[in-house]
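# Structure assessment
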Amino acid sequence: MSRPISSTRLIRTYNASTVLRVLYQHGSCSRSQLTRLTGMSPATITRIIAELMEQGIVLEGKVGKSTGGRRPVYVHIDHTKLFIGAVKLLQDDCVVAILDLRGQIIDKERIFPHTLEPSVLLEQVVNTLNRLLEHCGINLEHILGVGVAVSGVCHSDQGVVLNSVNLGWQDVPVTEILNTNLDLPIYMENDANASALAELWFGQAKDTTNSMFIKTEMGAGVGIIINKTLITGPHFMAGESGHVPLVTNGEPCRCGQRGCLEPYVYFGDIQARYHDRTGKLIDRDEFIELVRRKDHYALELVQQTAPALALACAHWGILLDMDVITIGGLWGEFTEEIITYCQNFYARVLENTGISREIRIVGTEFGDDTDLLGAAGLVINHWLTPYSVP
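Here goes a summary of the coordinates provided. As the structure is a prediction and not an experimental result, all values here were calculated from the model.

Take the pattern of salt bridges next. For the structure shown, the criterion picks out 14 salt bridges. Across the pair Arg254 and Glu262 runs a salt bridge whose closest N-O atoms are separated by 2.4 Å. The network of salt bridges with shared partners includes Lys88, Asp93 and Arg110.

So, on to the environment of Ala347. Looking at where Ala347 falls in the secondary structure, it is placed in helix H11 (residues 335-353). Sequence separation between Ala347 and Gly219 is 128 residues; the distance between their C-alpha atoms is 26 Å.

A few words now on the state of the cysteines. Disulfide: a covalent bond formed between the sulfur atoms of two cysteine residues. Inspection of the entire model under this criterion finds zero disulfides. We note that Cys136 lacks a disulfide partner, and the nearest cysteine sulfur, in Cys94, lies 20 Å from it. Judged by relative accessible area, Cys136 falls into the partly exposed class, the value being 26%. Take Cys154: it sits in no disulfide, and the sulfur closest to it among the cysteines is that of Cys94, at 14 Å.

For the rest of this paragraph, the subject is the packing of helix H6 (residues 191-202) against helix H12 (residues 370-383). The interhelical angle for the contact between H6 and H12, taken along N-to-C directions, is 75 degrees, at an axis separation of 7 Å. Comparing the axis directions of H6 and H12 gives the class roughly perpendicular. Only Thr370, Asp371, Leu373, Gly374, Ala375, Ala376, Gly377, Leu378, Ile380 and Asn381 of H12 make contact with H6, whose side of the interface consists of Asp191, Ala194, Ser195, Leu197, Ala198, Leu200, Trp201 and Phe202.

Tracing the backbone shows Trp316 in helix H10 (residues 296-320). Counting along the chain gives 131 residues from Trp316 to Pro185, while the straight-line C-alpha distance between them is 33 Å.

In this section: empty space enclosed by the protein. Under the criterion given, the structure shown has two cavities of 30 Å³ or more. Considering only enclosed or pocket space, the second largest cavity measures out at about 40 Å³ in volume. As for the second largest cavity, its lining consists of Cys154, Glu189, Asn190, Asn193, Thr232, Phe236 and Ala238. Class assignment for the residues of the lining of the second largest cavity results in three nonpolar, three polar and one charged.

Let us now look at the layout of surface pockets. Considered as a void within the structure, the largest pocket measures approximately 710 Å³ in volume. If you go around the largest pocket, you meet 27 residues; those closest to its centre are Ser151, Val165, Met218, Arg254 and Glu262. When contributions to the lining of the largest pocket are tallied by element, the ones reaching two or more residues are strand E9 (160-164), H6 and strand E13 (221-226). Considered class by class, the residues forming the lining of the largest pocket number eight nonpolar, 13 polar and six charged. Of the pockets and cavities examined, the second largest pocket occupies roughly 590 Å³. Surrounding the second largest pocket, 25 residues form its lining, Lys88, Leu90, Asp93, Gly367 and Asp368 being those nearest its centre. Residue assignment for the lining of the second largest pocket shows that the elements contributing at least two residues are strand E4 (83-90), strand E5 (93-100), strand E6 (105-111), strand E12 (211-215) and H12. Of the residues assigned to the lining of the second largest pocket, the class counts are five nonpolar, seven polar and 13 charged.

Before going further, it helps to examine the packing of aromatic side chains. As enumerated under the stated definition, the model contains five aromatic pairs in all. With a centroid separation of 5.9 Å and 75 degrees between ring planes, the pair formed by Phe287 and Trp331 is classed as edge-to-face. In this pair, Phe287 is assigned in helix H9 (residues 284-292) and Trp331 in the loop between strand E15 (324-327) and H11, connecting sequence segments 44 residues apart. You'll find Phe287 and Trp331 in the same group, each marked buried.

Below, the discussion takes up H10. When the terminal C-alpha atoms of H10 are compared, their 36 Å separation across 25 residues agrees well with the 36 Å that a helix rising 1.5 Å per residue should span. At the exit of H10 stands Asp321, carrying a positive phi of roughly 55 degrees.

Here the focus is the sheet that holds E6. As summarised here, the arrangement of the five strands in space is E6-E5-E4-E7-E11, forming an open sheet in which the pairing is mixed. The sheet is open, and its two edges are formed by E6 and strand E11 (186-190), each paired on a single side. This sheet shows a mean twist of 15 degrees between the axes of neighbouring strands, independent of strand direction. Running at roughly 105 degrees to E11, H6 makes contact with E4, strand E7 (143-150) and E11 of the sheet.

With that out of the way, let us pick up the nonpolar core. Within the largest apolar cluster, 47 residues are counted, with the highest numbers of intra-cluster contacts made by Val19 and Leu34. Only helix H1 (14-26), helix H3 (42-54), strand E3 (73-77), E4, E5, E7, H6 and H12 provide two or more residues apiece to this core. At eight residues, H12 tops the list of elements feeding residues into this core. Ignoring anything within four residues of it in the chain, the contact list for Leu34 reads Val19, Val22, Leu23, Cys29, Gly39, Ile45, Ile49 and Val75. Membership of the second largest hydrophobic core comes to 42 residues, among which are Val222, Leu261, Val291 and Trp316.

All right, on to unusual backbone geometry then. Notably, Asp171 is not glycine yet its phi reads approximately 55 degrees, a positive angle. Within the secondary structure layout, Asp171 lies in strand E10 (residues 169-173). A positive phi angle, near 65 degrees, is found at Lys294, a position not held by glycine. For Lys294, the position within the fold is in the loop between H9 and H10.

About the thresholds
- Residue positions are given per chain, counting from 1 as you read along its sequence in written order.
- With pLDDT at 70 or above as the cut-off, local features in this predicted model cover only qualifying residues; side-chain atom pairs require 80 or more to be listed or tallied, and sums for whole chains, interfaces and linings still use all residues.
- Based on all heavy atoms of the structure, the side-chain values leave hydrogens and waters out of the count.
- Counted as salt bridges are all cases of a side-chain nitrogen of Lys or Arg within 4 Å of a carboxyl oxygen of Asp or Glu.
- Secondary structure elements are taken from DSSP: a helix is a run of H or I of four residues or more, a strand is a run of E of two residues or more, and numbering for both begins at the N terminus.
- Two cysteine sulfurs form what is called a disulfide whenever their separation falls within 2.5 Å.
- The buried label goes to any residue with under 20% of its type's maximum accessible area, the exposed label to any with over 50%, and the partly exposed label to all in between, with areas taken from a 1.4 Å probe on protein chains only.
- Axis geometry follows a simple rule: fit a line to the C-alpha atoms, using only the stretch in contact for helices, then measure angles between N-to-C directions, giving values from 0 to 180 degrees.
- When an angle is under 35 degrees it counts as roughly parallel; over 145 it counts as roughly antiparallel; between 65 and 115 it counts as roughly perpendicular; any other value is oblique.
- Note on contacts: a residue pair qualifies if any of its non-hydrogen atoms lie within 4.5 Å across the two residues.
- Two kinds of site are reported from a 1 Å grid over the protein atoms alone, namely cavities, where a 1.4 Å probe fits but cannot get out, and pockets, open sets with protein on both sides within 12 Å along at least five of seven lines, and residues are called lining when an atom falls within 4 Å of a point.
- Grid points are joined across faces, edges and corners, and a volume is the space filled by probe spheres set on the points.
- All residues other than Ala, Val, Leu, Ile, Met, Phe, Trp, Tyr, Cys, Pro, Asp, Glu, Lys and Arg, Gly among them, are scored as polar; the first ten of these are nonpolar and the last four charged.
- Only the six-membered ring of Trp is used, alongside the rings of Phe and Tyr, when aromatic pairs are assigned; centres must lie within 6.5 Å, and planes under 30 degrees apart are stacked while those over 60 apart are edge-to-face, with the rest tilted.
- To estimate how far a helix should extend, the number of its residues minus one is multiplied by 1.5 Å.
- Note: two strands are recorded as paired if DSSP finds a minimum of 2 bridges between them.
- Here, the term nonpolar core denotes a set of buried Ala, Val, Leu, Ile, Met, Phe, Trp, Tyr and Cys residues that are joined through side-chain atoms within 4.5 Å.

Below, the structure written as structure tokens:
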């Protein structure tokens, strides 16, 4: 059994977080490799590794081959030592989970709140997290932090939900409320940004520099990663692109404009248009099945959405020089009808403009757990990215 951690303060230091980031990315390294990869002196690496080993955060593993001197000993992070709390807050989908550093969900529990009043709902979050920790036998000292993914515009630095139509919240100090009952670091981002971090740390954008996550189904939003850094903007509006018109004289949007991305990807609008055409009210699973069976009206709706998403991918992807674009939610599940269409459209635009550039457009592999993995990625992003460590 691993020894208890006396404090997580050590891993919040610049040098320790740099070493942990390298180990996290490479799996295991010798001390000489860490010296080369971090640019630190051998003495500094030796000291940091000793301190991390004293805490039980880093372990020694296999012994390498000698190149003339002492055989190198490889060190690695003990993934059974540190965990992350993750929270997803949506009107109809509130979930609390415990994950390890690899993004594996150890345990999770859905909350069924009787009210969305912030203090009441967030108290339920705290109680659920404590119950999960007790069930998993994990002490608070082993929790690196708690990430919160929430639908809405967030001031992530202050931990405030500025506006969430989904939850009916405005100027809610989420981290302050949670901190009254949780003695842990707490970080919050909107769900699209969190999803971009899920792909960066655990998913298909892990080995890329610039990536984008397009959130669909419950609305439309974009999470943007540039140089492996989440971009939110000085007013936290980066990626709030659901109501920027893309399609000339397109479908009417609830914002009053026409041709926004949202009416093409928001499933509530898809349901309504299918009902207008057929008189039938369908749910998500039924719609997917109708598309698989080549239902005329379902395919017609998909064929309207595909060009809108393709325009979004091409406009934003070329503007920001993306390596990979991930489409989340319902539309990311349609490989041929959506993903391949967007990929081919993007390739034609690049070819026509004479740009020699390859990009991957993919559907997320995380399904309903994307926000939870993003919340965990938010914690990892904070503590294992040196320039964000206080």
